[in-house]
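# Understanding the architecture of this molecule
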Number of protein chains: 4
Amino acid sequence: MSATHGHAGQSHCLRLDNEARANARRRLLSVRGHVEGILRMLDDDGVYCVDVLKQVKAVEGALDKVGDLVLRSHLRDHVVTAHERGDTDEIVEELMEVLKYR
Amino acid sequence: MSATHGHAGQSHCLRLDNEARANARRRLLSVRGHVEGILRMLDDDGVYCVDVLKQVKAVEGALDKVGDLVLRSHLRDHVVTAHERGDTDEIVEELMEVLKYR
Amino acid sequence: MSATHGHAGQSHCLRLDNEARANARRRLLSVRGHVEGILRMLDDDGVYCVDVLKQVKAVEGALDKVGDLVLRSHLRDHVVTAHERGDTDEIVEELMEVLKYR
Amino acid sequence: MSATHGHAGQSHCLRLDNEARANARRRLLSVRGHVEGILRMLDDDGVYCVDVLKQVKAVEGALDKVGDLVLRSHLRDHVVTAHERGDTDEIVEELMEVLKYR
């Protein structure tokens, strides 16, 4: 990682794998459709709170799956090779930070 | 609650409050924009995994806020009056079920 | 709720139901035993990280169940009657606050 | 990793680092004390539900910290060297599995 770069990922050798990227895109298009579905539900002024809540949780579940596939890709492509590359500290702290939000 | 209805919310007296509904819609439009932002990130074939992960977590945080405002509205408008209405069992079980997904 | 009290629960009429209390105690004794089991695992200097992690998650799952039973009891005994009692604001904010930690 | 072993950790070379192990033990002793504190709260038959819930969440927060320190140790000592060792598949799937419970 170059000293002029703010985090491990700005190194040119670390990028999201093409297949995982295509897969994430497909799932996010579905997430966007699902969010639009909730927006339509909200046009009905008789909509029930718990039905909205359930749809919000379902979208979060779909986003968790996007997160999982990106995380698995990151682990396989970048984390398991950190020691060889010599950026263990950055990779580990960055990962701990992003996992905190789960 | 009518016996022909599958859950507490299909009762005509239980509906999401107008202000909460408008507020949820505003936030969901912003969530949709955020999802579109991640889709644009994925067009860059050099995008870094952890940057995608962070944005996914941020969208989940925004959805949590939508969920919180709908939940607070449900508690204030429907749960605290369940005993008076006589549908305590349905309201409590339905709420426990939806909170499980958090 | 008396003005001299700091939160809704210090009112003498709001207390954890005896059966839920006995049930929570039983489960917490089992949680304590499980924590002691992890402490014993740690005496083995060859213990594997992921085995410890799995046990920590299992204890958190058991604590979630204690939380669920106390929460259900609170909803049934105190939240659904808040409107009648006239402490809706305190009850709702207190509950939103405690659910945030989930 | 030997074929007679059920998971990556049963390999003799993968063990929880001594410092992390001592640190986890210290924190778990405190968790056990905290659980005993909740058990004493439950002896008071006037205890308020939400006070119990808050303590349960606090213990879960303390356990999350134990989990974090064990996870960081696992990442630093085993995950970043998986490619060199040649057990990337096992290490990644095992980690994804244990992170699912968060």
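Above: the structure in question.
Attention in this report is confined to the structure presented alongside it.

Quick notes on the rules
- Residues numbered from 1 in each chain as written.
- Chains lettered and ligands numbered in written order.
- Predicted model: local features only at pLDDT ≥ 70, side-chain atom pairs only at ≥ 80, totals over all residues.
- Heavy atoms only, no water.
- Least-squares fit on C-alpha atoms with pLDDT ≥ 70 in both.
- Contact = heavy atoms within 4.5 Å.
- Helix = DSSP H or I, 4+ residues; strand = E, 2+ residues; numbered from the N terminus.
- Salt bridge = Lys/Arg side-chain N within 4 Å of Asp/Glu carboxyl O.
- Axes fitted to C-alpha atoms, helices over the stretch in contact; angles between N-to-C directions.
- Parallel < 35°, antiparallel > 145°, perpendicular 65-115°, else oblique.
- Left-handed = near helix turned anticlockwise from the far one by under 90°.
- Nonpolar A, V, L, I, M, F, W, Y, C, P; charged D, E, K, R; others polar.

Before going further, it helps to examine the relation of the copies chain A and chain D. Mapping chain A onto chain D calls for a screw motion: a turn of 180° about the axis and a shift of 0.0 Å along it, with 0.0 Å RMSD after fitting. Such a turn and shift between the copies fits a two-fold axis. Taking the C-alpha atom as reference, chain A places V80(A) closest to the rotation axis, 2.1 Å from it. When the interface residues of chain A are mapped onto chain D, 100% of them again lie at the interface, so the same face is used by both copies.

The next subject is the side chain of H74(D). Inspection of the secondary structure assignment puts H74(D) in helix α2 (residues 49-79). Once you skip the residues sitting within four places of it in the chain, H74(D) turns out to touch Y48(C), C49(C), V50(C), V79(D), I91(D), E94(D) and L95(D).

Tallied over the full model, the rule gives 24 salt bridges over all chains. R76(B) is the partner of D89(C) in a salt bridge, and the nearest nitrogen-oxygen pair spans 2.8 Å. Taken together, the residues span two chains, with D89(C) in helix α4 (residues 88-100) and R76(B) in helix α2 (residues 49-79).

Turning next to the packing of helix α1 (residues 18-43) of chain C against helix α1 (residues 18-43) of chain D. Between α1(C) and α1(D), the shortest axis-to-axis distance is 10 Å and the interhelical angle comes to 165°. With respect to α1(D), the element α1(C) is oriented roughly antiparallel. As α1(C) runs across α1(D), the sense of the crossing is left-handed. Looking at the contact of α1(C) with α1(D) residue by residue, the class counts come to 16 nonpolar, no polar and 10 charged.

Just geometry here; none of it tells us what the structure is for.
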